[in-house]
Amino acid sequence: MQIRMQQQLKFLCEIDKLKSIYRKNVLSDLSREETSAEHSWHLALLACFLSEYAEQKLDLLKLIKLVLIHDIVEVDAGDTFCHDLEGQKDKTKREQAAAARIFSLLPQDQQDEMWKLWGEFEEKKTPEAQFAQALDRLQPCL
């Protein structure tokens, strides 16, 4: 159990770096750009309060997990702005490498869950992933 917790704590310390990854989106008071951590936190709250508007019933816990983990790869890959055509070219490769490194810090069962959730968000096929993607597009507008 001690090794498992050490792995989890190492992962949690690593993803704390999201607090220093800045995005192009600005805060609502226009004082500065938001961080990836702030973005993920805001998405989780949007999920809690807006999931009732989904066309079908969603698994809220899964939705919250999707929005919280979808940008973890930005610790290594950075945030790629949607209009950055050059950055878009190798975004998938950079994010895959980041996911491999960061997720590998966790115990195997949690690594597997992270890969599954991150892949689900990227594939946009499940109702939760589609709603998470919609929230990800809505949040900067707020």
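Each chain has its residues counted from 1, running along the sequence as written. Reporting of local features is limited, given that this is a predicted model, to residues whose pLDDT is at least 70; pairs of side-chain atoms are given and counted only at 80 or more, and all residues count toward the totals for whole chains, interfaces and linings. By convention in this description, side-chain values take in all heavy atoms of the structure and omit both hydrogens and water.

A few words now on the pattern of salt bridges. Basic side-chain nitrogens of Lys or Arg form a salt bridge, by our definition, when they fall within 4 Å of a carboxyl oxygen of Asp or Glu. Taken as a whole and assessed by the stated rule, the structure comprises 12 salt bridges. Notably, a salt bridge pairs Lys62 with Glu120, separated by 3.0 Å at the nearest N-O pair. Of the two residues, Lys62 is situated in helix 3 (residues 60-69) and Glu120 in helix 7 (residues 108-123); the sequence distance between them amounts to 58 residues. Looking at Glu120, the relative accessible area reads 9%, which means it is buried. The shortest N-O distance in the salt bridge between Asp76 and Arg101 comes to 2.6 Å. Pair noted here: Asp76 is in helix 4 (residues 74-77) and Arg101 is in helix 6 (residues 91-103), with a separation of 25 residues, a long-range link. Relative accessibility thresholds used throughout: buried, under 20% of the residue-type maximum; exposed, over 50%; partly exposed, between the two (1.4 Å probe, protein chains only). Of the residues examined, Asp76 reaches a relative accessible area of 39% and is grouped as partly exposed. Look at the salt bridges and you will find they share partners, linking Glu14, Lys17, Asp76 and Arg101 into a network. In this description a helix means any DSSP run of H or I spanning at least four residues, a strand means any run of E spanning at least two, and both kinds are numbered starting from the N terminus.

With respect to the helices and strands, the residue Leu66 is situated in helix 3. The exposure class assigned to Leu66 is buried, which follows from its relative accessible area of 0%. In the structure, Leu66 is positioned 52 residues away from Trp118 in sequence and 6.8 Å away in space, judged by C-alpha atoms. For this analysis, residues touch if any pair of their heavy atoms sits within 4.5 Å. Not counting residues within four places of it along the chain, the set of residues in contact with Leu66 comprises Leu117, Glu120, Phe121, Glu128, Ala129 and Ala132.

This next bit is on the layout of surface pockets. Cavity: a set of points on a 1 Å grid over the protein atoms alone where a 1.4 Å probe fits but cannot get out. Pocket: an open set with protein on both sides within 12 Å along at least five of seven lines, its lining residues, like those of a cavity, having an atom within 4 Å of a point. Grid points are joined across faces, edges and corners, and a volume is the space filled by probe spheres set on the points. Here the second largest pocket is characterised by a volume of approximately 250 Å³. Considering the residues around the second largest pocket, the lining is formed by 14 residues, among which Ile15, Ser40, Leu68, Ile69 and Ile72 are closest to the centre. Residue assignment for the lining of the second largest pocket shows that the elements contributing at least two residues are helix 2 (36-50), helix 3 and helix 7. Gly is put with the polar residues, along with every residue not named as nonpolar or charged; the nonpolar set is Ala, Val, Leu, Ile, Met, Phe, Trp, Tyr, Cys and Pro, and the charged set is Asp, Glu, Lys and Arg. Looking at the lining of the second largest pocket, its residues break down into nine nonpolar, one polar and four charged.

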